Amino acid sequence: MSLRDWPIRRKLTVMLLSISGLVLLLTSAAFVGYQYWSYRRTLRDMMTLRGRILAANSTASLAFANAADATEILSALKADPHMLAAALYDKDGRLFATYPANPPHDVLPAALEPDGYRFERGLLVGFQPVAEGEGQRLGTVYIASDLGVLSAALRLSAVTALAVMAVALLAAYLLSRTLQETIAQPILTLADTARAVSTHQDYAVRAPQGGADELGALTDAFNQMLSRIEEQNRELKGYATGLEQRVGERTHELEERNEALRRNAAELVVANQELDAFAYSVSHDLRAPLRSIDGFSQVLLEDAGAQLDEGGRDALRRVRAATQRMGTLIDDLLKLARITRVEMRAEVVDLSGMARDIVNEIQRGAPREVDVAIAPDLTARGDAPLLRVALENLLRNGWKYTAKQPHPRIEFSSVQANGERAFMVRDNGAGFDMKYANKLFGVFQRLHSAAEFEGTGVGLATVRRIITRHGGRIWAEAAVGQGATFYFTL
Amino acid sequence: MNPGKILLVEDNPDDVALTIRALKSHNITNDVTVAADGVEALDYLFGTADKPGVTELPAVVLLDLKLPKVSGLEVLERIRREERTRMLPVVILTSSDEENDLIGVYRLGANSYVRKPVDFVEFTQAAKQLGLYWLLMNQAPPVPRRP
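Student: Hey, could you run me through the overall build of chain B in this one?
Tutor: Scanning chain B for helices and strands turns up five helices and five strands. Traced from its N-terminal end to its C-terminal end, chain B shows the element sequence β-α-β-α-β-α-β-α-β-α. Relative to its full complement of 147 residues, chain B shows a buried share of 50%. Carbon and sulfur atoms make up 53% of the accessible area of chain B, which amounts to about 7,400 Å² in all.

Student: Mind showing me how you'd approach the environment of A:F453 here?
Tutor: All names here are of chain A. Structurally, F453 is set in the loop between β10 (420-427) and α8 (459-469). With a relative accessible area of 5%, F453 lands in the buried category. It is 7.2 Å that separates the C-alpha atoms of F453 and Y401, two residues lying 52 residues apart in sequence.

Student: Sorry, what's going on with the sheet that holds strand β5 (residues 136-145) of chain A here?
Tutor: As a general point, the strands of a sheet are linked pairwise by backbone hydrogen bonds and lie either parallel or antiparallel. Residues and elements named next belong to chain A. Strand order in the open sheet formed by five strands is β2-β1-β5-β4-β3, with antiparallel pairing between adjacent strands. With one partner strand each, in any of the chains shown, β2 (95-99) and β3 (116-120) form the two edges of the open sheet. Across the sheet, the mean angle from the axis of one strand to that of its neighbour is 15°, orientation sign disregarded. Inspection of the sheet shows strand β4 (residues 123-132) paired to β5 by nine bridges, in the antiparallel sense. Note that in β5 the partner of Q128 across the bridge is V141.

Student: Is there a simple way to explain unusual backbone geometry in this structure?
Tutor: Where the residue is not glycine, phi is negative for most of them; where a peptide bond is considered, it is trans in most cases. The residue after A:Y99, namely A:P100, is reached through a cis peptide bond having omega -15°. With respect to the element layout, A:P100 can be found in the loop between β2 and β3. Notably, A:A65 is not glycine yet its phi reads approximately 55°, a positive angle. Despite not being glycine, B:K69 shows a phi value in the positive range, around 60°. On the basis of relative accessible area, B:K69 is assigned to the exposed category, the value being 69%.

Student: What exactly am I supposed to notice about empty space enclosed by the protein here?
Tutor: By the definition in use, this model includes two cavities of 30 Å³ or more. The computed volume of the largest cavity comes to approximately 90 Å³. Around the largest cavity, the lining comprises 13 residues; the ones closest to its centre are B:L23, B:L62, B:A127, B:L130 and B:G131. Those elements giving two or more residues to the lining of the largest cavity turn out to be α1 (13-25), β3 (60-63) and α5 (120-137) of chain B. Sort the elements by how many residues they give to the lining of the largest cavity and α5(B) lands first, with seven residues. A:R291, B:D15, B:L18, B:P117, B:V118, B:D119, B:F120 and B:F123 are the residues that line the second largest cavity.

Student: Explain the nonpolar core to me, please; I cannot follow it from the model alone.
Tutor: The nonpolar side chains of soluble globular proteins are, as a tendency, buried together. Residues and elements named next belong to chain A. Core analysis: the largest hydrophobic core is formed by 37 residues, its most contacted members being L351, M354, L391, L395, F412, F486 and F488. Every element with two or more residues in this core is listed here: α6 (351-365), α7 (384-401), β9 (409-417), β10, α8, β11 (474-479) and β12 (483-488). If you tally residues by element for this core, the top one is α7, at eight residues. With residues near it in sequence (within four places) discarded, F412 still touches L351, S352, A355, A373, I374, A375, L378, L391, F423, M424, V425 and F488.

Student: Is there a simple way to explain the interface of chain B and chain A in this structure?
Tutor: In many reports, interface size means the accessible area that the parts give up when they come together. Across the contact, 21 residues belong to chain B and 24 residues belong to chain A. Across the chain B to chain A interface the summed buried area is about 2,000 Å²; carbon plus sulfur atoms make up 48%. On the surface where chain B and chain A come into contact, there are eight salt bridges. Residue B:R21 pairs with A:E302 through a salt bridge whose shortest N-O separation is 2.8 Å. If you look at where chain B meets chain A, you find 14 residue pairs in polar contact (both at pLDDT 80 or more). Counting residues per element, the ones that place at least two in the side of chain B that touches chain A are α1 and α5 of chain B. In terms of residue count, α1(B) provides more of the side of chain B that touches chain A than any other element does, five residues in total. Residue classes in the side of chain B that touches chain A are distributed as seven nonpolar, four polar and ten charged.

Student: In this structure, what is going on with the sheet that holds strand β5 (residues 112-115) of chain B? I would like to understand it.
Tutor: Residues and elements named next belong to chain B. Taken in spatial order, the five strands of this open sheet run β2-β1-β3-β4-β5, and their pairing is parallel. Where the open sheet ends on each side, the last strands, each with one partner, are β2 (32-35) and β5. Sheet twist, expressed as the average angle between the axes of neighbouring strands with direction ignored, equals 20°. As judged from the four bridges shared by strand β1 (residues 6-9) and β2, these two strands associate in the parallel manner. For L7, the partnering residue across the bridge sits in β2 and is T33. The sheet strands contacting helix α2 (residues 38-46) are β1 and β2, and the helix crosses β2 at an angle near 130°.

Definitions and cut-offs
- Residues numbered from 1 in each chain as written.
- Chains lettered and ligands numbered in written order.
- Predicted model: local features only at pLDDT ≥ 70, side-chain atom pairs only at ≥ 80, totals over all residues.
- Heavy atoms only, no water.
- Helix = DSSP H or I, 4+ residues; strand = E, 2+ residues; numbered from the N terminus.
- Buried < 20%, exposed > 50% of the residue type's maximum accessible area, 1.4 Å probe, protein only.
- Areas by Shrake-Rupley, 256 points an atom, 1.4 Å probe, with all protein chains shown as cover.
- Pairing = 2+ DSSP bridges.
- Axes fitted to C-alpha atoms, helices over the stretch in contact; angles between N-to-C directions.
- 1 Å grid on protein atoms, 1.4 Å probe; cavity = no way out; pocket = protein on both sides within 12 Å on 5 of 7 lines; lining within 4 Å.
- Points joined across faces, edges and corners; volume = space filled by probe spheres on them.
- Core = buried A, V, L, I, M, F, W, Y, C linked by side-chain atoms within 4.5 Å.
- Contact = heavy atoms within 4.5 Å.
- Buried area = accessible area lost by both parts, 1.4 Å probe.
- Salt bridge = Lys/Arg side-chain N within 4 Å of Asp/Glu carboxyl O.
- Polar contact = N/O pair within 3.5 Å; in protein donor to acceptor, adjacent residues only side chain to side chain.
- Nonpolar A, V, L, I, M, F, W, Y, C, P; charged D, E, K, R; others polar.

Written as structure tokens, this is what we have:
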């Protein structure tokens, strides 16, 4: 575990102990150092004093060259076990007396050294001049002491320092344990709270309030943040609930609409079946009486025509014409119904070729000089039989309404209208008033009298139904006497 | 004229009268037996418990489709099912030109399908053509021996 990952309690404890330990160490080192230095000085002072006393006492011995006396004076040093050796030299530097009688060889200096007291060779040594009066030098006293006193004193102060340090560190440790609580505890509580929030996603918990210090401010900020999150969470949940509700409502609506559509589809199937039955019935039953009316009118004309006057015969002929017209109406209506019911099959249809075929057919049935212009390569996707019915109706209309035109012209081509391709059938025939354009594609709606141009008014309704079934649109532009143009898209 | 008979299955008496008149007006004077509905037609051809069916089959049957009780389609189906009448020429003569009718009768083996025009002059022409074709030009199938 690296230092970064230590728990905050341990960090604080270690920090406090490190600081106090360092302070104690420095203090103790200074204390021991001072003690050592002070002992050394005291020791040298005492040596100096002892040297001077020896020198003063040795003046007579040296002056009278009394060695025995000198040896006795020196032997007084044996009271101090630390005094290793002493020696008396005459004024020429010759050894005069020693203590003890045979001092260890390495304790005495090889030669006399300058006066003074100093630590050397692990000893405290001193050279003290012996003089009588002012400037009358008689010789030199040498004394050497070991440093036993110094090391004992040093040991004692070191032990003292260590003991004090140990006690102080223990006290610091105990104190730090108490003090660190005030910093670590709020942080730990905050951390616990944060952990609880992130684990249980519970934004309702709050960290307990601390003091007014930075940690207190941190706790405050943290609690405020939690409040904000809790509030936003509540709002979000509200939105989510609202959204779910809306989705539910929409789904319900959709289901209802689907149900309605299903019902409509079922109704449509029934309606189609009814339409089939209706068309079948019309086809069979409605034409039968017409055949009787027409047939017996003809029988009457043939059998009793001679007995009728011209007025009577004309009436019968009118009855027959009307009957036949009704027959045509019924047939056209049935065709229109069939357009709605017949199943479509989409394929690519060559409209140009289809238009040429239709025009040839019309030409064979009602030969006339008409200028027909069919654009090449017009194709579309759709149901070929139905498209043929539509195109035939439009071209036959063109043929019919140009009948009174000296230079009849019919055109089939395609144009771009509102960004899409529209097919166009144009003639220069009778045209019509745009005022009535909205009636153009209605069933049985005619803009010309039967006397002018015959027709049932079903043709364009049929065309529109076919175009609508293909998903296209049909519209027309015309002016009276200026011809008509029919546009359709597929 | 050919002595072959015509069986006209038609429920509408006006149509019966007009059809017979149309045929007569072109000197098609063959015997015309009229059955007013499908049951009568089947009884005529195949007999009932009391009465046996006709011994000599007609040269052609002119059959309407929309008939009371038993429809023209059912009559045709029975005619084609019976060994004796399997090859009997049947011409559908009716009002409608519904695609379903056309598909139904041709699938069952009708020989021809003629839609009755409203215009009586046209109808007379059609009757004439039918008579001429089926009674004079057409070679009737050999009469099967009775078991």
